[in-house]
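So the chains spell out like this:
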Amino acid sequence: MGEPATVRTTCPYCGVGCGVLATPQANGTVRIAGDPEHPANFGRLCSKGSALGETLSLEDRLLFPEIDGQRVGWDRALDHVARGFSKTIAEHGPDSVAFYGSGQLLTEDYYVANKLMKGFIGSANIDTNSRLCMASSVAGHKRAFGSDTVPGCYEDLELADLVVLVGSNLAWCHPVLFQRISAAKQARPNMRVVLIDPRRTPTAELADLHLPIASDGDVALFNGLLAELVEWDAVDRGYITRHTNGFAEALEAASELTLKGVAERTGCNESALVQFFDWFASTERTVTVYSQGVNQSTSGTDKVNAIINCHLATGRIGKPGMGPFSVTGQPNAMGGREVGGLANILAAHLDFDDEAAHGRLKRFWKAPRLADRPGLKAVELFKAIEDGTVKAVWIMATNPVDSLPEADRIKAALAKCPLVVVSDMSSRTDTLEFAHVRLPAAGWGEKDGTVTNSERRISRQRSFLPLPRSARPDWWIITQVARRMGFGEGFRYESAAEIFAEHAALSGYENDGSRDFDISGKVGQTAADYASMAPFQWPHRESSQSRMFADGEFFTSDRRAKFVPVSPHNPQARFDGLFRLNTGRVRDHWHTMTRTGKSARLSAHMAEPFAELHPSDARELGIGDAELVQLTNQYGSVVLRALITDRQQRGHVFAPMHWTDQFSSSGRINALVQAIVDPHSGQPALKMSEISVRPYAASWYGFAISQDRPDLTNVSYWALASGDGGYRVELAGDTPEDDWEALAHNLLGRRANLQAISSADPARGRYNLAAFDEDRLVYALFIAPTPISVARQWAAGRLQQQPHPSARSSILAGRPGTDQPDQGALVCSCFNVGVNAIISAVSTGGCTSVEKVGTALRAGTNCGSCRSEIQGLISAHTPRVAAE
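Residues numbered from 1 in each chain as written. Predicted model: local features only at pLDDT ≥ 70, side-chain atom pairs only at ≥ 80, totals over all residues. Heavy atoms only, no water.

1. Regarding the pairing of strand S32 (residues 776–784)
Across the nine residues of S32, eight count as buried, placing the element largely inside the fold. When strand S31 (residues 766–773) meets S32, the two strands line up antiparallel, connected through seven bridges. The partner of tyrosine 767 across the bridge, within S32, is isoleucine 783. In sequence, S31 turns back onto S32 through a hairpin of two residues, with glutamate 774 there showing a positive phi of about 60°. (Buried < 20%, exposed > 50% of the residue type's maximum accessible area, 1.4 Å probe, protein only. Helix = DSSP H or I, 4+ residues; strand = E, 2+ residues; numbered from the N terminus. Pairing = 2+ DSSP bridges.)

Below you can see the structure in the form of structure tokens.
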């Protein structure tokens, strides 16, 4: 046999769109590497991308269609869906049904879903989880440029002399871009980085200046910048005159605040503000990168335009190393925007309010009843399900029961909806529990199509695995339903290549250059061309264009950019004793963990949901490090682990958005988020809810490892994670237990004839137990009255090994003997390097820099996400030389 074939594909995580080399192995595994030829990453991968091969098992996969929990064949399932939607439309009209999609869908999937709903059903009730991350950028782009166009490219991040990061924890959320900027800064030490974020995130490691801005202070900050640019004569008057409108009005709005007023609104001291303003004014090559901290706000669109205003005023847009840059959160949020996946836009960047565009699309599709007005945006859509206006919904590749605000209301809405259809690859999601019809979708590595990244680069996702059991690509499922609804003429596709060809043709249809999105250069390519298609940027007529607007021509009616006057929103009222909740991502997990949750090493860095609290707040509340805390408001309640850190501002709490009822007893943080939205974009404000915080009254704490999935039915608090060879689980109870052996049996002891050893100290409330099947550890349980002190990573690793009988005492103690290495809690996921190994390299090995630690241990040398943690350990553990 020859060498296994390597397939070039694209990562399914964030919007960086990294190229991946996937090589299936004879033993069924897949070797993963970065693609050195892909222009997004040039071979780099983050921890999540590097671990993709660990997430491809069929465990917890949805593999067969189901109706009301019963397995059925595809014909029956598809007939049921088509009949249900057709009947609902016939009785209640087209606006009584809806689709809710995802930035995880491929462009071809998105295209046929949008075509079916808007063109043939006749409703625009198709929205997507991209509404939760990028809608405000879309709205801001369209207000300023007349189109949803990202002006720059990734190369600009490396060419810039000043990179401003706003509301973006790039080190954890877009690690490969962080690495590209880091490498550029190392090559050009005079390059500056400014971080604007309420938290001192790991990205601050790279920053020359951190502005710890108050929540929603961004408009005040960039208005203040615009006013100072004019004051310092740092604007490009010629550019403003030739290529823009509305500058005077925008400046008038920006001049409402003095420097002192900006300082008060932003919470930043005046000297730091002046430093930032000076750097921006004096640095021509400036890129402003922004993400969810800007978008996920009731003033998100205004924030976007406040940033763009500053770039228009200086003429720094569309040129090398210059421009505003929105980095997307999902692998195909941009592709969904191209095909009209949002409820308020049409395909190919056409608009509802453009009568000619509407007619053009209707002709091209031969659409019998093209929707003539925008549909319901995500939050509105689920409220319509709740009140019964929408009676049938098809949810594709997303988990709104956990990701939408007021998430408990989403549960209640779906519970009473007459028809809920869910297409997913996972059999374990909180949303799937409400599905009347479950449709098994193909996953990454099995499906074939395209995605578009944050720099407008379209890349291929290619299949390298066979379709498992009855799983099918989303485009196929949608097309089959469309045919059964009587729309066969418009849905004759037999391949993703055919769909892409139509998508490309539509982009150039009657397009004289007045529309930004145009990939008509790909029209006429064969199936073989599609199969081998290399990454390219749009627009692509005869060739690709990496930057937009360099000529000062925009996509407004008069071809001029528009300054948008924006005013700082009044700060949200705060009440005594309440905290501001900020939600976001962690380094090694993704969305609701249906993929990353399968990987033991990705789960090891942050194995349970947590709440970051400032030390002073924790002290006043009587909360100790690693104790449990309860966060509550009128919308819901969660219980999380306390992570006490001074990188968090006082009065604020940060909590991650990943944990669901599949992984924790009470970690669905969006249950606490109020469903308020930006008035322009409809994007929900996921970072500004008010909560109360109090200690959780735990009677005991526990930690367990097990080869088998534990039965956690009767445990008050739990957080489950994949471990090496099984599972690891954090535990706590709110009532005393008097029989720990019975608890262990109920949780973990489903196998017969195990040999158990235990130790108990009733006076101190401690109990340890380990159970073996001959020489193999099957499970272990550790109980204490306070947060458990166990070598968790080491203990979890014992499940994969066959320990010597003499090691049983160490396992029972929950920590290795002196003759056994313990790497400690995981720091570097890429190379499995723990905290103890790094401390040893620093304190006794002379590793006094991140680079030296990397040379010794490889930690921090791949995606770089752990570099700030490594630097913190170096600062804390470098031996000090005593003064003579």
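2. What about the packing of aromatic side chains?
Evaluated as defined, the whole model comprises 26 aromatic pairs. Both rings, one in phenylalanine 491 and one in tyrosine 493, keep their centres 6.2 Å apart while their planes meet at 90°; by these two values the pair is edge-to-face. Residue class for tyrosine 493 comes out buried when judged on its relative accessible area of 5%. Plain terms: the ring middles of tryptophan 700 and tryptophan 740 are 5.3 Å apart, the flat faces sit at 80° to each other, and that makes the pair edge-to-face. Placement of the pair is tryptophan 700 in strand S27 (residues 700–706) and tryptophan 740 in helix H25 (residues 740–748), with a sequence separation of 40 residues. A relative accessible area of 16% places tryptophan 740 in the buried class. By the ring-pair criterion, three or more aromatic residues cluster together here, those being Phe120, Phe487, Phe491 and Tyr493. Here the guanidinium or amino end of lysine 115 rests over the ring plane of phenylalanine 491, the centre of that ring lying 5.3 Å away. Arginine 472 extends its terminal NZ or CZ atom over the ring of tryptophan 476, reaching a point 5.9 Å from the ring centre. (Phe/Tyr/Trp six-rings, centres within 6.5 Å; stacked < 30°, edge-to-face > 60°. Lys NZ or Arg CZ within 6 Å of the ring centre and 35° of its normal.)

3. Remarks on the packing of helix H8 (residues 218–231) against helix H14 (residues 300–314)
At a closest axis distance of 8 Å, the pairing of H8 and H14 adopts a crossing angle of 15°. Compared by their axis directions, H8 and H14 come out roughly parallel. In the crossing of H8 with H14, the sense of the turn from one axis to the other is left-handed. The segment H8 lies against H14, with Asp218, Val219, Phe222, Asn223, Leu225, Leu226 and Leu229 engaging Asp302, Lys303, Ala306, Ile307, Asn309, Cys310, Ala313 and Thr314. Of the residues belonging to the contact of H8 with H14, the class tally is nine nonpolar, three polar and three charged. (Axes fitted to C-alpha atoms, helices over the stretch in contact; angles between N-to-C directions. Parallel < 35°, antiparallel > 145°, perpendicular 65-115°, else oblique. Left-handed = near helix turned anticlockwise from the far one by under 90°. Contact = heavy atoms within 4.5 Å. Nonpolar A, V, L, I, M, F, W, Y, C, P; charged D, E, K, R; others polar.)

4. Let's talk about the pattern of salt bridges
For the structure on display, the rule yields 52 salt bridges. Residues glutamate 612 and arginine 647 are paired through a salt bridge, measuring 2.9 Å at the closest nitrogen-oxygen approach. Of this pair, glutamate 612 sits in strand S22 (residues 610–613) while arginine 647 sits in the loop between strand S24 (636–644) and strand S25 (652–656), placing them 35 residues apart in sequence. Assessed through its relative accessible area of 25%, arginine 647 is described here as partly exposed. Salt bridges sharing partners connect three or more residues here, namely Asp402, Asp408, Asp430 and Arg668. (Salt bridge = Lys/Arg side-chain N within 4 Å of Asp/Glu carboxyl O.)

5. Points about the state of the cysteines
In the structure shown here, the tally under the stated rule is zero disulfides. In this structure cysteine 828 is not part of a disulfide, and its nearest cysteine sulfur, from cysteine 866, lies 4.1 Å away. Of the residues examined, cysteine 828 reaches a relative accessible area of 3% and is grouped as buried. (Disulfide = S-S within 2.5 Å.)

6. What about unusual backbone geometry?
The peptide bond linking tryptophan 538 to proline 539 adopts the cis configuration, its omega dihedral lying at 5°. In this structure, proline 539 sits in the loop between strand S19 (536–537) and strand S20 (561–562). Residue aspartate 60 is not a glycine yet carries a positive backbone phi of 65°. Among the residues examined, aspartate 60 registers a relative accessible area of 26% and is labelled partly exposed. A positive phi angle, near 75°, is found at phenylalanine 549, a position not held by glycine. On the secondary structure map, phenylalanine 549 appears in the loop between S19 and S20.

Such coordinate-based values are descriptive only and should not be taken to indicate function.
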